[in-house]
Amino acid sequence: MTPGISPATERTPRFSTSVSANARLRELVERGARILPLLVDRPTASGLDSDAPPALGHVGRAGVAVDSIDDMRVLLSGIPLDRVSLSLDVDAAAAPLILLYQLVAEEHGVPAARLRGSVRGDVLKEFITPGGTCLFPPAPAMRLTRDVLRYCRISLPRWDVLSVCGHDLAEAGADPAQEVAFALTNGIAYVRTAVSAGVNADTFVPGLTFCLSDGGSRTEVLAKFRAARRIWTRAVNEQFGPDRAGRTGPRS
């Protein structure tokens, strides 16, 4: 497959190939952006190549197609990777995309220890929401998350690996109580996974973020956030020791 070109229709949206997405990232850098968002399409997030039969009709529809290291090379061409942070919007396919990013950065002369970025690695949410990109059953998916956490702790110490996405649960039909309950339960599961990977809870928990929906009145949203923060703090302190929750907490 030609790097940066995917077998999408002629009416492919903007920024759906590595060529067009690279042009957009360059534009953002020129305007002073230091956090660069990168949304991959559904086949990429599902671990599929663009020419795989199940990917037909989905390539480039809601993000850029990344099939190989050549696509990542085109995507990151001319980007000062030592001065920007990449925000990678992907869950189940986080492991290969982080590695492709690291390999291309090293080709640019930027060592892994200097790379900054974040990835939405909320694999549990994918099992709860309809149509989630589930590459593996829950147990193997969490083992992979554990391995990614361990790898990033050693090789990519400035990389944030997890963001719990409660707003996706709300969009799937969860009411505020269900959204908070599932999001915080998932968060606790990730903390346990990090601890099992040898990551110190004191360093991991403050970097764990929650993104909750802001639907409803201002009073309702504030009440939900305050309740979620109190529940999260109590649960983390009870299960992992006092003062582990730090300043982390749900946000919109």
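Residues numbered from 1 in each chain as written. Predicted model: local features only at pLDDT ≥ 70, side-chain atom pairs only at ≥ 80, totals over all residues. Heavy atoms only, no water.

> Explain the pairing of strand β3 (residues 116-119) here, please?
Where burial is concerned, the two faces of β3 differ: the one with Gly117 and Val119 is buried and the one with Arg116 and Ser118 is not. Bridging between strand β2 (residues 85-89) and β3 involves 4 bridges; their strand directions are parallel. By the bridge assignment for β3, leucine 86 is matched with glycine 117. Once the chain exits β2 it traverses helix α4 (residues 94-107) before rejoining the sheet at β3, and the crossover so formed is right-handed. Relative to strand β4 (residues 159-160), β3 is paired through 2 bridges, and the arrangement is parallel. Residue pairing across strands places serine 118 opposite aspartate 160, the latter belonging to β4. (Buried < 20%, exposed > 50% of the residue type's maximum accessible area, 1.4 Å probe, protein only. Helix = DSSP H or I, 4+ residues; strand = E, 2+ residues; numbered from the N terminus. Pairing = 2+ DSSP bridges. Right-handed = clockwise from strand over helix to strand, strands pointing away.)

> Sorry if this is basic, but what is going on with the packing of aromatic side chains here?
Pairs of aromatic rings are described using the distance from one ring centre to the other and the angle between the two planes. This structure, assessed with the given rule, holds 2 aromatic pairs. A centroid spacing of 5.3 Å and a plane angle of 55 degrees characterise the contact between tyrosine 101 and tryptophan 159, whose relative ring orientation is tilted. In this pair, tyrosine 101 is assigned in helix α4 and tryptophan 159 in strand β4, connecting sequence segments 58 residues apart. A centroid spacing of 4.7 Å and a plane angle of 65 degrees characterise the contact between phenylalanine 210 and tryptophan 232, whose relative ring orientation is edge-to-face. Placement of phenylalanine 210 in strand β6 (residues 209-211) and of tryptophan 232 in helix α10 (residues 218-240) is noted, with a sequence separation of 22 residues between them. (Phe/Tyr/Trp six-rings, centres within 6.5 Å; stacked < 30°, edge-to-face > 60°.)

> Explain the side chain of arginine 120 to me, please; I cannot follow it from the model alone.
As for its position among the elements, arginine 120 is in the loop between β3 and α5 (123-128). A polar atom in the side chain of arginine 120 sits 3.2 Å from the side chain of aspartate 89. Only 3.5 Å separates the side chain of arginine 120 from the side chain of aspartate 168, close enough to count as a polar contact. Contact partners of arginine 120, with chain neighbours within four places excluded, come to Leu88, Asp89, Val90, Asp91, Lys125, Ser163, Cys165, His167 and Asp168. (Polar contact = N/O pair within 3.5 Å; in protein donor to acceptor, adjacent residues only side chain to side chain. Contact = heavy atoms within 4.5 Å.)

> Would you mind showing me how to read the pattern of salt bridges here?
As enumerated under the stated definition, the model contains 12 salt bridges in all. The closest approach of N and O atoms between lysine 125 and glutamate 126, which form a salt bridge, is 2.3 Å. Each of the two residues, lysine 125 as well as glutamate 126, counts as buried. A salt bridge links aspartate 147 to arginine 146; its shortest N-O distance comes to 3.4 Å. A residue is classified by how much of its surface remains accessible, and aspartate 147, at 33% relative accessible area, is partly exposed. Within this structure, Asp89, Arg120, Lys125, Glu126 and Asp168 form a network of salt bridges that share partners. (Salt bridge = Lys/Arg side-chain N within 4 Å of Asp/Glu carboxyl O.)

> Got a minute to help me understand the nonpolar core in this structure?
Burial of nonpolar side chains together is a common tendency in soluble globular proteins. By size, the foremost hydrophobic cluster in this structure holds 67 residues, and its most contacted members are Leu36, Leu81, Leu97, Trp159, Phe204 and Trp232. With near-sequence residues (within four places) excluded, tryptophan 159 lies in contact with Leu86, Ile98, Tyr101, Leu115, Arg116, Gly117, Ser118, Val119 and Cys152. (Core = buried A, V, L, I, M, F, W, Y, C linked by side-chain atoms within 4.5 Å.)

> Please clarify how the packing of helix α1 (residues 18-30) against helix α3 (residues 69-76) should be interpreted in this entry.
Packed helix pairs are specified by the crossing angle of their axes together with the interaxial distance, meaning the distance between the axes. At a closest axis distance of 7 Å, the pairing of α1 and α3 adopts a crossing angle of 30 degrees. The orientation of α1 relative to α3 falls into the category roughly parallel. α1 and α3 meet at a crossing whose hand is right-handed. In this structure, α1 contributes Ser18, Val19, Ala21, Asn22 and Leu25 to the contact, and α3 contributes Asp71, Val74, Leu75 and Leu76. (Axes fitted to C-alpha atoms, helices over the stretch in contact; angles between N-to-C directions. Parallel < 35°, antiparallel > 145°, perpendicular 65-115°, else oblique. Left-handed = near helix turned anticlockwise from the far one by under 90°.)

> I keep staring at helix α6 (residues 138-155) and nothing clicks. Help me out?
Structurally, the α-helix is built with 3.6 residues per turn, so residues lying three or four positions apart point the same way. Helix length check: α6 (18 residues) gives 25 Å between terminal C-alpha atoms against 26 Å at 1.5 Å per residue, within 8%. Among all positions in α6, only Ala141, Met142, Thr145, Val148, Leu149 and Cys152 are buried. One side of α6 carries all its buried residues, which in axial view fall inside an arc of 115 degrees. Lining the buried residues of α6 we find α4, α5, β4, α8 (176-196) and α9 (201-204). (Expected span 1.5 Å × (residues − 1). Arc of directions from axis to C-beta.)

> What am I meant to see in the sheet that holds β2 here?
In a beta sheet, neighbouring strands pair by backbone hydrogen bonds and run either parallel or antiparallel. In space, the 4 strands of this open sheet follow the order β1-β2-β3-β4, with parallel pairing throughout. A single partner strand is all that each edge strand has here, and the edge strands are β1 (35-39) and β4.

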